[in-house]
Amino acid sequence: QVQLVESGGGLVQAGGSPRLSCTASGRILSINSMGWYRQAPGKQRELVATITRGGSTNYADSVKGRFTISRDNAKNTVYLQMNSLKPEDTAVYYCNADIRGVFSLRDVNYWGQGTQVIVSS
């Protein structure tokens, strides 16, 4: 069974710089695109950033220049470095990945359980 487990959330002061991590585990053959999404109270889940296996990145306009996504393919891990946090960044942050399992013929999209980030002003 493939799992994504996030860590690194919590209560942060505005202007802070926490880093989120997400590690995939299980019988994994390969991981293609990985990304972070977030959902604020009363709002729809939205894309924050994605990164391909080769390292190409894509960011939401709201986080460009403040957040950096990266990955360590050897560790099946994706990171989100968040800088200059604002109260409006408060949300549950979810890890997402397209993973090919050992016995799979195609990629399957997986979600982590989410990690809460609360930014206090």
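Above this text you will find the structure in question.
Residues numbered from 1 in each chain as written. Predicted model: local features only at pLDDT ≥ 70, side-chain atom pairs only at ≥ 80, totals over all residues. Heavy atoms only, no water.

Draft legend 1. Structural view of the packing of aromatic side chains. Tallied over the full model, the rule gives two aromatic pairs. Centre to centre, the rings of Tyr37 and Trp111 are 5.0 Å apart; their planes meet at 65°, and the pair counts as edge-to-face. One end of the pair, Tyr37, is in strand E4 (residues 28-39); the other, Trp111, is in strand E10 (residues 108-111), with 74 residues separating them in the sequence. A network of ring pairs unites the aromatic residues Tyr37, Tyr94 and Trp111 as a single cluster. Against the face of Tyr94 rests Arg45, its NZ or CZ located 3.7 Å from the ring centre. A cation over a ring is seen here: Arg45 above Trp111, with NZ or CZ 4.6 Å from the ring centre. (Phe/Tyr/Trp six-rings, centres within 6.5 Å; stacked < 30°, edge-to-face > 60°. Helix = DSSP H or I, 4+ residues; strand = E, 2+ residues; numbered from the N terminus. Lys NZ or Arg CZ within 6 Å of the ring centre and 35° of its normal.)

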